[in-house]
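# Reading the structure
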Amino acid sequence: MALTLGIIGFPKSGKTTVFNTLTHSNAETSAYGTSSSPNIGTVKVPDARLAKLTEMFNPKKTTPATVEYTDVAGMAKGAGQTGALPGLNLIQKVEALVHVVRAFEDPNLPHPEGSVDPIRDIQTMDLELAFSDLAVIEKRLPRLDDSIKKTKPGPEREAQAFEKEVMDKLNEALTKDIPLRDLDLSEDELKAIRGYQFLTLKPLLTILNLGEERADDAGKLLAEAKAAAGGHQKIGFAALRGKIEMELSQLEDDEAAEFMQELGITESGLSKIIHASYDLLGLMSFLTAGEDEVRAWTIKKGTPALKAAGEIHSDIERGFIRAEIVSFDDLMKAGGIPEAKKLGLYRSEGKTYIMQDGDIVNFLFNVSGKK
Ligand SMILES: Nc1nc2c(ncn2[C@@H]2O[C@H](COP(=O)(O)OP(=O)(O)OP(=O)(O)O)[C@@H](O)[C@H]2O)c(=O)[nH]1
Ligand SMILES: [Mg+2]
């Protein structure tokens, strides 16, 4: 599963700057006009375990997990209401949203609202996203009523009636300022509305772009932003210095390390955002390691071995026999697979085993004769 994230924000908040930081790209950032074409880039998820495993197994290739970022044009205030958010079709497709919020002061770059006020922008964005979802529901409801009337009693009409029930529930929540991600919808409810790709249903990562001057305010600003979000579970927060991080991301590794030390940055913006995204979405990695390939795979926490197998290939899920597993730490302690076996650290697990972060897995499977 390649995780997909959409970068949104008001004009000139630093979206493309953050995108460049994350993807090591050089997309054009600008103080003037609006970049209209979206940027899409893939990022390798930093994982120090891969390097260690590569040393141990000396594989033909090493494949990290990846995250895909889409950077769209800034959205003008009021765009949600008209159903005309820029890049809407693109951000509907992603699994989670990253909201870049301007906290940096720059007299040469006026804020479209006249002042720099991150809390106001966070609240305005919440409204824009809610308006966009409401517009979808308001368009759908009358049509749904219509087709319920026209459809004969039976399963099809029942499905429509159920969808209407769910839509009414969503409508009510949104009009009370409750984002859909806070509703704890059931599997069936989620299935009924999957096609609409509601924006406030997506987990949201809020990134404060501090600029150069306000780094010392990070803690205070983050606390204010969290308080304004009112304890919503599925909103994550991070802060970074946009422009500096972008410069950092364009340096060679050793130069970057030196620069980070000078600036007192302990974790790069890239790794901070990826880790925050993983946490927000409840994701983790398991690993496969052998002579051919050392590779990291992304799954949701709580995934059983059978489903994890399916992440690699549907055949492995279909013909699953068992999973041979050693934790990364145990493997490092033992020094190799045969040593881990001797020490009894190499376990055999069944379909329902819940995968743990850093598990190194060999799936045994058999698909011959099965259809
Ligand atoms: N001083 C300062 N300027 C920044 C920072 N981050 C971004 N900028 C500047 O803000 C301007 C806009 O940055 P972009 O990254 O293009 O912003 P954007 O949100 O992608 O803009 P649009 O796509 O046009 O909405 C550029 O001139 C950047 O150099 C920062 O951390 N500090
Ligand atoms: Mg941009």
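Residues numbered from 1 in each chain as written. Chains lettered and ligands numbered in written order. Predicted model: local features only at pLDDT ≥ 70, side-chain atom pairs only at ≥ 80, totals over all residues. Heavy atoms only, no water.

## Some words on the overall build of the chain
Secondary structure assignment for the chain yields 14 helices and twelve strands. A principal-axis box enclosing the C-alpha atoms of the chain has dimensions of 70 × 65 × 35 Å. For the chain, the residues scored as buried account for 48% of the 371 residues in total. Restricting the contact set of the chain to residue pairs at least 6 apart, pairs at least 24 apart contribute 68%. Accessible area of the chain: about 18,800 Å², with a carbon and sulfur share of 50%. Placing the 45 positive and 57 negative side-chain charges of the chain at their respective mean positions leaves the two points 7 Å apart. (Helix = DSSP H or I, 4+ residues; strand = E, 2+ residues; numbered from the N terminus. Buried < 20%, exposed > 50% of the residue type's maximum accessible area, 1.4 Å probe, protein only. Contact = heavy atoms within 4.5 Å. Areas by Shrake-Rupley, 256 points an atom, 1.4 Å probe, with all protein chains shown as cover. Lys, Arg positive; Asp, Glu negative; His and termini not counted. Charge placed at Lys NZ, Arg CZ, Asp CG, Glu CD.)

## A closer look at the packing of aromatic side chains
Aromatic rings considered in pairs are described by the distance between their centres and by the relative angle of their planes. According to the stated counting rule, one finds four aromatic pairs in the structure shown. An aromatic cluster is present here, built from Phe286, Trp297, Phe320 and Phe363 joined pairwise through their rings. Geometry around Phe104 places Arg102 over its ring, the cationic atom sitting 4.3 Å from the centre. If you follow Arg295 out to its NZ or CZ, it ends over the ring of Trp297, 4.0 Å from the centre. (Phe/Tyr/Trp six-rings, centres within 6.5 Å; stacked < 30°, edge-to-face > 60°. Lys NZ or Arg CZ within 6 Å of the ring centre and 35° of its normal.)

## Quick look at the site of ligand 1
Lining the immediate surroundings of ligand 1 are 22 residues, of which Lys12, Lys15, Thr16, Thr17 and Glu212 lie closest. Between an oxygen atom of ligand 1 and a main-chain N or O atom of Gly14, the distance comes to 3.0 Å. Backbone polar atom of Lys243 to an oxygen atom of ligand 1: 3.0 Å apart, as the coordinates give it. Computed on the free molecule, ligand 1 has an accessible area of 650 Å², of which 94% lies beneath the protein chains in the complex. Of all the secondary-structure elements, those providing two or more residues to the shell around ligand 1 are α1 (15-23) and α8 (242-249). In terms of residues, the shell around ligand 1 owes the most to one element, α1, which gives three residues. (Near = heavy atom within 4 Å. Polar contact = N/O pair within 3.5 Å; in protein donor to acceptor, adjacent residues only side chain to side chain.)

## Concerning the pattern of salt bridges
Counted under the stated rule, the structure contains 17 salt bridges. Ionic pairing is found between Lys60 and Asp292, a salt bridge with its closest N-O pair at 2.7 Å. Taken together, the positions of Lys60 in the loop between α2 (48-57) and β3 (61-63) and Asp292 in the loop between β8 (283-289) and β9 (293-300) put the pair 232 residues apart, joining distant regions of the chain. For the pair formed by Lys60 and Asp292, the shared burial category is exposed. Arg295 is the partner of Glu293 in a salt bridge, and the nearest nitrogen-oxygen pair spans 3.8 Å. Residue classification places Glu293 among the partly exposed residues on the basis of a relative accessible area of 21%. (Salt bridge = Lys/Arg side-chain N within 4 Å of Asp/Glu carboxyl O.)

## Observations regarding empty space enclosed by the protein
To find leftover empty space, a probe the size of one water molecule is rolled over the atoms. If you walk through the whole model with that rule in mind, you get two cavities of 30 Å³ or more. The calculated volume of the largest cavity comes to roughly 50 Å³. Lining the largest cavity are Gly9, Phe10, Pro11, Lys12, Ser13, His99, Val100, Val101, Arg102, His111 and Asp121. For the lining of the largest cavity, the element with the most residues is strand β5 (residues 96-102), which contributes four residues. Its boundaries defined by the atoms lining it, the second largest cavity holds a volume of some 30 Å³. Together, Leu88, Gln92, Ser132, Asp133, Val136, Tyr196, Gln197, Phe198 and Leu199 line the second largest cavity. (1 Å grid on protein atoms, 1.4 Å probe; cavity = no way out; pocket = protein on both sides within 12 Å on 5 of 7 lines; lining within 4 Å. Points joined across faces, edges and corners; volume = space filled by probe spheres on them.)

## Structural notes on the packing of helix α4 (residues 118-150) against helix α5 (residues 155-175)
With their axes 10 Å apart at the nearest point, α4 and α5 run at an angle of 150° to one another. For the element pair α4 / α5, the angle class is roughly antiparallel. Relative to α5, α4 is oriented so that their crossing is left-handed. Contacts between α4 and α5 involve Ala130, Asp133, Leu134, Ile137, Arg140, Leu141, Leu144, Asp145, Ser147 and Ile148 on the former and, on the latter, Arg157, Gln160, Ala161, Glu163, Lys164, Met167, Asp168, Leu170, Asn171, Leu174 and Thr175. Partitioned by chemical class, the residues of the contact of α4 with α5 number ten nonpolar, four polar and seven charged. (Axes fitted to C-alpha atoms, helices over the stretch in contact; angles between N-to-C directions. Parallel < 35°, antiparallel > 145°, perpendicular 65-115°, else oblique. Left-handed = near helix turned anticlockwise from the far one by under 90°. Nonpolar A, V, L, I, M, F, W, Y, C, P; charged D, E, K, R; others polar.)

## What about the domain arrangement of the chain?
Taken as a whole, the chain is organised into domain 1 (3-45 + 64-116 + 201-281), domain 2 (131-199) and domain 3 (302-365). Domain 1 and domain 2 are separated by 31 Å when their C-alpha centres are compared. Of the roughly 1,300 Å² buried between domain 1 and domain 2 on both sides combined, carbon and sulfur atoms contribute 58%. For the interface between domain 1 and domain 2, the tally reads zero salt bridges. Here domain 1 is connected to domain 2 by six residue pairs in polar contact (both at pLDDT 80 or more). Looking at the side of domain 1 that touches domain 2 residue by residue, the class counts come to eight nonpolar, four polar and three charged. (Domains from an automatic or database assignment. Buried area = accessible area lost by both parts, 1.4 Å probe.)

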